[in-house]
Structures are given as C-alpha cells and as structure tokens.
Amino acid sequence: MADFDVDLFVIGAGSGGVRAARVAAEHGARVMIAEEDRVGGTCVIRGCVPKKLFVYASRFSHEFEDAAGFGWKLKGARFDWPTLVANKDKEIARLEAAYRATLKKHRVEIVDRRAVIENPHTVRLIKSGARVRAATILVATGARPVRPEFPGAAEAITSEEAFHLRKFPRRIVIQGGGYVAVEFACLFAGLGAHVILVHRGDEILRGFDDDVRRHLRVEMRERGLHVVLGHTIAAIEKKGRALRARLSDGSSHDSDQVMFAIGRRPNTANLRLETAGVAIDAHGAIAVDETSRSSVPSIYAIGDVTNRLALTPVAIREGHAFADSVFGDRPWNVDHANVPTAVFSEPEIGVVGLTEAAARAKGRDIDIYRTVFRPLKATLSGRATSILMKLVVEKASNRVLGVHIVGKAAAEMIQLAAVAVKMGARKSDFDATVALHPTLSEELVTMRNPV
Ligand code: NDP
C-alpha cells in the first residue's frame, strides 16, 4: 500500500465513522477522518444525546404534578430555557472533546474540512484543495432533515435549530408523525408549550404496532397535546411576531415556532460520488451489500447515508464490522434483525421484533398477549394513564416474535427483553420466569392467556 497516503480515509466523524476509524487504527491502519462540522455527528451534536437531555428536562413537570398525591407541596417551580440550553451545550462540548481525544489517542488524523471523492482512491479536501490517496474510503456522512417547499416554509425550523432556540416557544406547531415529530411534540409539551402535532397519515408512527400507535396518541391527548391527523401544513405566514400555519383543512394556528420533522435524507449530495461511479438507490442512499461495500470495491458506506436502519448503535456496529473485516482480518456482518428501538415520547415506547401486522403479513400463525393496566404510581398521583404491553408469539414454535411496550421506562425494559428475543426465547420461557414485584415489567411474564 506504499503509493497510498493512508490505508483508510473516513468521510464524516459521527458515531459510525469514529468507531470505524478507531477500530481500523487499532488494527494497525493509517487512518484520516474528515469532518466539516463538529466531531460526534448527528447523535452527539444534534440528535439522540441533546434530545434525551431535553426529554429529562421535560419530564420534571410530570413528576411535579404527580408529587402532590404523595404529599408533596411544591410551589414556585419555574422552567428556565436558557439554563437548559447552556448546560446542554456544555455537555455536548465535553462529549465532542472526548470523541476528538479518542481519535487522537489512536493516531487517527482529524481533518476539519469537507472532503469530496475524486476517484475510487482519491479524496479532495475543500478549501485547501489537498488530495489524499487512500487504499479504502469509507463514507459515513449521515443524513439531514428534509425541508419541504411551499409558501413560507423557510420560516420553519427543524430539529437541528430546535436545540438552539434563543427563546422557548410557548406555542409550537410540529409537522410529521415519526420519531422526531413525536419526541419533540412530547418534550415541548412537557416543558410547558402548547403543542399541535400535524400528521398527514391516519395514525402517528407508521411502522409501529397499531395498538402502540393508538395507545400513545391517546396518552398524548391526556397530557394536553393536540394531534391533527390526515392533514398537512399548506402555508406559513408571518403575523407580527407569530407564525400562522395554514393547514390543508383550512384551519389556521398561530404559534411562536413551526417545526418540520418529516424525515431525513441521506447526505449523498455534493460528495461527487457519481464521479467515482458509486451507485445511489431510489431513496438517495448509497447502495451497499451486507459487508457495507458500495458498487465501487474500494469505497464502503455505513450508517444513515446507507438508509438501512437509521439508528446510532446500528451505525456503530456497521463501522466496527467494516473495520474488523477490512483491516482486522476478522470478517463479520451486522445482523439487522430484532434491533430494539425506543421512541422517547411521554410515555415512551420500547419495541423489538415483529408487529402483529408484520407477523401476519409474513404468514405466521400467531397468538397475541396483551395487557393494558393502570400503574401503581397512578393510584396516588391520580394521573389518567395506562401502560400497554403486548407479545406477538408464533403458535407453532411458541417463539416470542415481538415485544411492544408503551409506558414509563419502556426503553430500559426493551433492551433486556431484546436479549431474550434475540436468543429465540419462547413464551414458556417468559412464563417460567418469576415476576419481580411490584414493578411494571413483571407484567411481561404474567400474561397467561392470548387475547
Ligand atoms: P420518520 O421517517 O420516522 O418520520 C417521518 C414522518 O414524516 C412520517 O410520519 C411521515 O409520514 C412524515 N412525512 C414524510 N414526508 C412528508 C411530507 N412531505 N409531508 C408531510 N409529512 C411527511 O423520520 P424522522 O425524521 O422522525 O426520523 C428519522 C429517523 O431517525 C427515524 O426513522 C429513526 O430511524 C431515527 N430516529 C431515531 C430516534 C430514536 O431512536 N429514538 C429518534 C429520532 C430519530 P408517513 O408515515 O405518512 O410517511
């Protein structure tokens, strides 16, 4: 590899790119990584991590409300948005520094520049114009929010700007019905905003189990959120300091901010992938095989830019598998089946495996176990809330194909349930496990009869 400047050039220092760079370097590769923005990528800088910090902030209001029934008298609690944003920024800066330190410790050279591909073995750095010859190139450039085009759309924000608003939006209209829309609707509502969620479909969270979708929407309504289904925002106008969102049903809603959360598009534009002959699929993502290799043998791609499963831990695994396989002589591929996922709504969702509809569509003969119950805490808090748990079980094998939870700590529960599902646990294994009382999760092992 003597005529190459580096063994691996990684474009994009998000979670996946950083993992790939670090592991390749541990295997002895000479690695360079380019990042035009901040090291850490979507998850650390403008995604999962700051979002979860905001979610924590938003949940105090529910705790304060619930506390009264337990004898607490609280007064004078006041939320200060600038404090939250500043403290979040400090933590994100600390994390970015930690990411940079890890790369440096492993002798990965960081280039704070945009990089574009010139040919299957050459990357050009924008501004300096320097060319780097690499034996292998890894594209890990992630994705970015889609912005629609209609009158006044430019007045709206996306999740990226939501993390840096100078003023807390007391009224916000959010368009979308996916992860980002639902999470931000719930967290803004928890922080005290009046929230209207506008979704074009007939139910939020397409792709999730139908019981889960319905249950969450009802819980959101109980917490004061307004969900408008079957409509979109048609236009946005400035009205003094407010923004007026006109919906497709003709109604108008004034708010301080309008936010789009209508999906994310892979960052493939302006990388000059076409000059190297890298094939792009119908969704604008880099087409890769199960080893993350693109149509050009020396160019690989991982994470959201490949639009497989847009989740941080998946991108990290794809990066790790790539580095072990190409530089560590330890080939392995990522198994994309039974990946647990959570929506950090209020209450939150945790799921793993097949939905009831997906299992039926695959022609599986299934039993459904479902429980909806009032949590013990709600007896004293007085909160009108219930928890949904659902198991999708294959009749013939007794295997648990899917676990679906809506309720407090669903994300924490599903991580562990996913171990059982991944191991191929049967419903009888769940039944044989003694309940831990009193918990919410005990209901997972006490569902006796199919519905
Ligand atoms: P999603 O793909 O999850 O949702 C997009 C939503 O926007 C859908 O409800 C979709 O409706 C709607 N939509 C799409 N196009 C339009 C349009 N032109 N007009 C109106 N509505 C539209 O995207 P997100 O941005 O919410 O999230 C992107 C991905 O990021 C997720 O799929 C997930 O993989 C990841 N993510 C994970 C999180 C987590 O793990 N907790 C948190 C946040 C993101 P329809 O259903 O009708 O298509």
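Residues numbered from 1 in each chain as written. Predicted model: local features only at pLDDT ≥ 70, side-chain atom pairs only at ≥ 80, totals over all residues. Heavy atoms only, no water.

Here we come to the overall build of the protein. A tally of helices and strands in the protein yields 13 helices and 21 strands. The C-alpha radius of gyration computed for the protein amounts to 24 Å, which stays within 12% of the reference 22 Å derived for 451 residues, consistent with globular compactness. With the C-alpha coordinates aligned to their principal axes, the bounding extent of the protein is approximately 70 × 65 × 40 Å. Between the centroid of the 64 positive side chains of the protein and the centroid of its 53 negative side chains there is a distance of 4 Å. (Helix = DSSP H or I, 4+ residues; strand = E, 2+ residues; numbered from the N terminus. Rg over C-alpha atoms; globule rule 2.2 N^0.38 Å. Lys, Arg positive; Asp, Glu negative; His and termini not counted. Charge placed at Lys NZ, Arg CZ, Asp CG, Glu CD.)

Quick look at the sheet that holds strand β14 (residues 257-260) now. With respect to topology, four strands assemble into an open sheet ordered β10-β9-β8-β14, the strand pairing being parallel. Both edges of this open sheet fall to β10 (226-229) and β14, since each of them pairs with a single strand only. Averaged over all pairs of adjacent strands, the angle between their axes in this sheet comes to 15 degrees, without regard to strand direction. Relative to strand β9 (residues 194-199), strand β8 (residues 171-175) is paired through five bridges, and the arrangement is parallel. From the neighbouring strand, Ile 172 faces β9, where its bridge partner is Val 195. (Pairing = 2+ DSSP bridges. Axes fitted to C-alpha atoms, helices over the stretch in contact; angles between N-to-C directions.)

A few words on the nonpolar core. Grouped together as the largest cluster of nonpolar side chains are 41 residues, with contacts concentrated most on Trp 81, Ile 174, Val 182, Phe 188, Met 259 and Ile 349. Taken together, the elements giving at least two residues each to this core come down to α3 (48-67), α4 (81-105), β8, α6 (179-190), β9, α7 (210-222), β17 (341-343) and β18 (349-353). Tallying contributions element by element places α6 first for this core, with seven residues. Look past the residues within four positions of Ile 349 in its chain and what remains in contact with it is Leu 205, Phe 208, Val 212, Leu 216, Thr 341, Ala 342, Val 343, Ile 405, Val 406 and Ala 410. (Core = buried A, V, L, I, M, F, W, Y, C linked by side-chain atoms within 4.5 Å. Buried < 20%, exposed > 50% of the residue type's maximum accessible area, 1.4 Å probe, protein only. Contact = heavy atoms within 4.5 Å.)

Before going further, it helps to examine helix α9 (residues 312-327). Given 3.6 residues to a turn, an α-helix orients residues that are three or four positions apart in the same direction. The terminal C-alpha atoms of α9, which comprises 16 residues, lie 22 Å apart, in line with the 22 Å expected from a rise of 1.5 Å per residue. The complete set of buried residues in α9 reads Val 314, Ala 315, Ile 316, Glu 318, Gly 319, Ala 321, Phe 322, Ala 323, Asp 324 and Phe 327. At its buried positions, α9 is contacted by β1 (6-11), α1 (15-26), β6 (131-139) and β16 (299-301). Immediately downstream of α9, the backbone of Asp 329 shows phi near 55 degrees, a positive value. (Expected span 1.5 Å × (residues − 1).)

Our focus in this paragraph is the site of the ligand. In the vicinity of the ligand lie 19 residues, with Val 180, Arg 200, Arg 206, Ala 310 and Ala 342 positioned nearest. Arg 200 places a polar side-chain atom, nitrogen or oxygen, 2.9 Å from an oxygen atom of the ligand. Residue Arg 206 places a side-chain N or O atom 2.7 Å away from an oxygen atom belonging to the ligand. For the ligand, whose accessible area on its own is 910 Å², the fraction buried by protein is 74%. Considering every element that reaches the shell around the ligand, the biggest residue donor is α6, with three residues. Looking at the shell around the ligand, its residues break down into eight nonpolar, six polar and five charged. (Near = heavy atom within 4 Å. Polar contact = N/O pair within 3.5 Å; in protein donor to acceptor, adjacent residues only side chain to side chain. Areas by Shrake-Rupley, 256 points an atom, 1.4 Å probe, with all protein chains shown as cover. Nonpolar A, V, L, I, M, F, W, Y, C, P; charged D, E, K, R; others polar.)

Relative orientation of the contacting elements α1 and α9 amounts to 25 degrees, with a least axis distance of 7 Å. As far as their axial angle goes, α9 and α1 are roughly parallel. As for how α1 packs across α9, the hand of that crossing is right-handed. Residues Ser 15, Gly 16, Arg 19, Ala 20, Val 23 and Ala 24 of α1 form the contact with α9, whose participating residues are Thr 312, Ala 315, Ile 316, Gly 319, His 320, Phe 322, Ala 323, Asp 324 and Phe 327. (Parallel < 35°, antiparallel > 145°, perpendicular 65-115°, else oblique. Left-handed = near helix turned anticlockwise from the far one by under 90°.)

Time to look at the packing of aromatic side chains. Note on aromatic pairs: each is described by the distance of the centres and the angle between the planes. Evaluated as defined, the whole model comprises 13 aromatic pairs. Ring centres of Phe 163 and Phe 184 lie 5.5 Å apart, and the angle between their planes is 70 degrees; this geometry places the pair in the edge-to-face category. Pair noted here: Phe 163 is in the loop between α5 (159-162) and β8 and Phe 184 is in helix α6, with a separation of 21 residues, a long-range link. Exposure class is identical for Phe 163 and Phe 184. Each is buried. (Phe/Tyr/Trp six-rings, centres within 6.5 Å; stacked < 30°, edge-to-face > 60°.)

Our focus in this paragraph is the packing of α1 against α4. Interaxial distance between α1 and α4 falls to 9 Å at its minimum, and their mutual angle equals 25 degrees. Looking at the two axes, α1 sits roughly parallel to α4. Once α1 is placed against α4, the crossing between them reads as left-handed. Seen from α1, the contacting residues are Ser 15, Val 18, Ala 21 and Arg 22; seen from α4, they are Tyr 99, Thr 102 and Leu 103. Residue classes in the contact of α1 with α4 are distributed as four nonpolar, two polar and one charged.

As a further point, take the side chain of Gln 257. Residue placement: Gln 257 occurs in strand β14. Aside from chain neighbours lying at most four places away, what touches Gln 257 is Ile 157, Leu 165, Pro 169, Arg 171, Ile 172, Val 173 and Leu 243.

Here the focus is the environment of Glu 35. Mapped onto the fold, Glu 35 is located in the loop between β2 (31-34) and α2 (41-46). Residue classification places Glu 35 among the buried positions, given a relative accessible area of 9%. Each C-alpha atom, one on Glu 35 and one on Gly 17, is 9.7 Å from the other, the two residues being 18 residues apart in sequence. When residues no more than four places from it in sequence are discounted, the contact partners of Glu 35 are Gly 12, Ala 13, Gly 14, Val 111, Asp 112 and Arg 113.

Put simply, side chains in a regular strand alternate between the two faces of the sheet. Two strands pair when backbone bridges link them, and strand β11 (residues 233-239) and strand β12 (residues 242-247) are joined in this way by six bridges, in the antiparallel orientation. The partner of Ile 236 across the bridge, within β12, is Ala 245. In textbook terms, the turn of a hairpin is the stretch between consecutive antiparallel strands, and for β11 and β12 this stretch comprises two residues, one of which, Gly 240, has a positive phi near 65 degrees. As judged from the four bridges shared by β12 and strand β13 (residues 252-255), these two strands associate in the antiparallel manner. Across the sheet, the residue bridging to Leu 243 is Ser 255, located in β13. The turn joining β12 and β13, which pair antiparallel and follow one another in sequence, is formed by four residues; a positive phi near 95 degrees is taken by Gly 250.

Here the amide bond leading from Glu 346 into Pro 347 is cis, since omega sits at 0 degrees, within 30 degrees of zero. Residues His 437 and Pro 438 are joined by a peptide bond in cis, for which omega reads -10 degrees. For Pro 438, the location among the structural elements is in the segment after α13 (427-432). Within the chain, Asn 398 stands out as a residue other than glycine whose phi angle is a positive 65 degrees. On the secondary structure map, Asn 398 appears in the loop between β20 (387-394) and β21 (400-406). In this structure Asn 398 comes out as partly exposed when scored by relative accessible area, which is 25%.

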